[in-house]
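The primary structure of each chain is shown beneath.
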Amino acid sequence: QSQELSQVQIDYHAALQALVEDGTRMVCTGRMHTDRICRFESLCYSTEAEEFVYFHSNSSVMLPNLGSRRFQPALLDLSSVEDHNTQYFNFVELPAAALKFMPKPVFVPDVALIANRFNPDNLMHVFHDDLLPIYYTMQQFSDLDLETRLFFMEGWSEGVHFDLYKLLSNKQPLLREQLKTLGRLLCFTKSYVGLSKITTWYQYGFVQPQGPKANILVSGNEIRQFTKFMMQKLNVSLEESSSEEYIIVFSRTINRLILNEAELILALAQEFQMKTITVSLEEHSFSDIVRLISNASMLVSMHGAQLVMSLFLPRGATVVELFPYAINPEHYTPYKTLATLPGMDLQYIAWQNADREDTITYPDRPWDQGGIAHLDKTEQERIIKSTEVPRHLCCRNPEWLFRAYQDTKVNIPSLIHVIRQTVKSKPGPKKQKWSGSLYPGKVRDAKCQASVQGTSEAKLAVSWQIPWNLKYLKVREVKYEVWIQEQGENTYMPYILSHQNHTFSENIKPFTIYLVWIRCIFNKNLLGPFADVLLCST
Ligand code: UDP
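Overview of the structure. Note that the coordinates shown come from a computational prediction; the quantities given were computed from them, not determined experimentally.

A word on the overall build of the protein. The helix and strand inventory of the protein stands at 11 helices and 28 strands. Considered along the principal axes of its C-alpha atoms, the protein spans approximately 95 × 70 × 55 Å. Going through the 538 residues of the protein one by one, you find that 49% of them count as buried. Looking at the protein alone, contacts between residues at least 24 apart form 71% of all its contacts between residues at least 6 apart. Carbon and sulfur atoms form 51% of the exposed surface of the protein, whose accessible area is close to 26,600 Å².

Within a sheet, each strand pairs with its neighbour through backbone hydrogen bonds, oriented either parallel or antiparallel. One open sheet accounts for five strands, arranged β15-β14-β16-β17-β18; its pairing is parallel. For this open sheet the edge positions go to β15 (275–279) and β18 (347–352), each flanked by a neighbour on one side alone. Geometrically, the sheet is characterised by an average inter-axis angle of 20° between neighbouring strands, direction not taken into account. Across five bridges, strand β16 (residues 298–302) lies against strand β17 (residues 318–323) in parallel orientation. Paired with S301 across the bridge in β17 is E321. Its contacts with the sheet place helix α6 (residues 261–272) against β14 (246–250), β15 and β16, and it is angled at close to 160° to β14. Sheet strands touched by helix α7 (residues 286–293): β14, β15 and β16. Its angle to β14, the strand with the most contacts, is close to 140°.

Before going further, it helps to examine the environment of M302. If you trace the backbone, M302 turns up in strand β16. In this structure, the C-alpha to C-alpha distance between M302 and R252, residues 50 residues apart in sequence, is 7.6 Å. Filtering out sequence-adjacent residues up to four positions away, M302 remains in contact with F250, R252, R256, L257, I258, L307, L322, P324 and T408.

A few words on the packing of helix α2 (residues 123–140) against helix α5 (residues 220–233). Contact pair α2 / α5: the axes reach a minimum separation of 11 Å and the direction vectors enclose 85°. Here α2 is positioned roughly perpendicular relative to α5, judged by the angle of their axes. Counted together, F127, L131, L132, Y135 and Y136 of α2 and E222, I223, Q225, F226, F229 and M230 of α5 form the full contact between these two elements. Considered class by class, the residues forming the contact of α2 with α5 number nine nonpolar, one polar and one charged.

This part is about the site of the ligand. Around the ligand, the surrounding shell holds 14 residues, and the nearest of these are R252, I254, E282, A305 and Y405. Between R252 and the ligand, the recorded distance is 2.7 Å, taken from a side-chain N or O atom to an oxygen atom. For the ligand, an oxygen atom lies 3.1 Å from a polar atom in the side chain of Q306. Taken by itself the ligand offers 500 Å² of open surface, and the protein chains cover 78% of this. Looking at the shell around the ligand residue by residue, the class counts come to five nonpolar, five polar and four charged.

Criteria and cut-off values
- Residues numbered from 1 in each chain as written.
- Predicted model: local features only at pLDDT ≥ 70, side-chain atom pairs only at ≥ 80, totals over all residues.
- Heavy atoms only, no water.
- Helix = DSSP H or I, 4+ residues; strand = E, 2+ residues; numbered from the N terminus.
- Buried < 20%, exposed > 50% of the residue type's maximum accessible area, 1.4 Å probe, protein only.
- Contact = heavy atoms within 4.5 Å.
- Areas by Shrake-Rupley, 256 points an atom, 1.4 Å probe, with all protein chains shown as cover.
- Pairing = 2+ DSSP bridges.
- Axes fitted to C-alpha atoms, helices over the stretch in contact; angles between N-to-C directions.
- Parallel < 35°, antiparallel > 145°, perpendicular 65-115°, else oblique.
- Nonpolar A, V, L, I, M, F, W, Y, C, P; charged D, E, K, R; others polar.
- Near = heavy atom within 4 Å.
- Polar contact = N/O pair within 3.5 Å; in protein donor to acceptor, adjacent residues only side chain to side chain.

So, to be careful, I would describe these as geometric facts and stop short of saying anything about function.
Shown next, in the form of C-alpha cells:
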C-alpha cells in the first residue's frame, strides 16, 4: 500500500513540477469567440474564486494571444448558443510562481471537456444545445473519447435529463457545485473548452426573432449518426422488420394540452387505419419513447420541446405539429427546420387552431405560465383581442407566453384535411431508396475551337469530358451548364446542355475573346463546381 501511495506522490510531484515549470498551454481553433474551441494543458480552476486560472511560465503558450481583446467580449462561448452574454468563458492570469502561495492543486487526470449546458430542463435545448454539440465536439478532437470527463460549468443541478448526458462518456459528468468537494485549486491535465456549433439549426431569438440559423451546416446524416449512437447506449435496437405500423400522439400532461385527445386518437386511427398510441415524458421512460418513436409512421404533438424527439423517427415518417390559437406556425420553426433538414427525410405538417372557441386561456396563472393578470388592463385587453402574436424576441414576451400555454380542442376535420394534403396514402416509414445526393466533380479536358465566317459571323465549338466521379455513379440525369461571357462584360449567356459538346453560333462575334464556364449538374439540382475558365478567341 505504501508503494501505491508513493507512486501517487511521485505522479503528484511530477505533475506539480510540470505545472510550476511549464505553466498553462493553450492552443485554440476558430477566428472569433463565437467559433472558438481551446485545448489546454494545465488549465486550473479556483473553486473559491469560481474562476479559471492560466499560469504563466517560461514555457506557457497562449494562442490566440489577444491581449485585452480577450475580454471583448470573451475568449469563447462556453455553450453552443451563439454569443450569449451569460455563457462566456475567460480565465484570470497568474505567474506560475504564485502557486507557492496558493492552495495545493488537485490534478484532474482525465481528459476533460468543459462546457455549459444551456437549459438542461428543456428537452429541445438538451438535444440541440448540449447533446449534439458535445457529441460532435468529441468527434472533432481525437483525444476526446468515451473516457472523457464532462464538466458542466453553467451552475445548474443535474436536471431531469441528466441520464442522457451520462450516455456521452463512460465517466460521470461533474457539475460546477461538485468541484468544490474536490479541492480549492483544480488543475486539468488536458482539457478542451467550448462546444462546436456546427450541428445547431436554430436561433432562439435573443437578438432577432427566433428562426432557423442563417447558415445551417448539418444534414440528416449526421443527426442520424448521433441518434444511432444514443440508441445503442440506451439499448434500443432498430427493429427493421417490425410489421405493425402505428401513429404516436406525443402528449403534454401539465400544460398546452390537447383537450380532446381521445377523439383525436380515434380519428387518426380510423383515417389512416393504423394503431394510434399516446406517449408522454411524464408517463414513459425515455428508452420506451425512443423505441416507440424509432418505428413510428407518424408523430403528432403540440408545439413544444418534446417534438425534438422526431430526431428518432425513421426516414419517411411524418411529423404533425399542432399550434395553439394565434400562434403563427411560420414564426416558431425549430421542429420544422429539424424535420426538413436535407437527408432527414421526414415529412412535416403544421396545423394551427384557427378557432377562438376551441382555445382555453389562463390569464390568471403566474407570468411564466402565460398569465397576464400582472399587466395593465388595456394591455390585457389588447392581448385577448389579438388574433396573432406579433414576432418578438426571447424569452418573456407575455403575449407569446399567454398564447403558448393555451389548451386546445383540436378541430378534427380541419386537422385531417391538412394532413391529407401531404400524406396521400398511408404514412411513412418508406423502404428508403438510396437518394444519397452526391455532387459532380469538375468537367475535364474542356476545349474550344473558334471559326470565323466573314466579318460578322463566328462559331464557338466547345467540348469537354464527364466529371471523373461520374463513371462510378448511377445518376438519373446528367446535364451541363455552360456560361459564355464576353471578356470585360458583366453578363453572360447561360445554356443547359445534355451532351459533352456544343457549337455556339448565336451572339458569337468574330475577333472577340470569350470566357467559357462549364459545370456538371446531377438530377436537376446537384450543381458541381465550375471547371477552370476557358479562354476562347474567335
Ligand atoms: N413538458 C412536458 N409536459 C408538459 C409540459 C412540459 O413534458 O405538460 C416538458 C417539455 O417537453 C419540455 C419541458 O417540459 O422538455 C419544459 O416545457 P416548456 O413548456 O417550458 O417548454 P417548451 O416545450 O415550450 O419548449
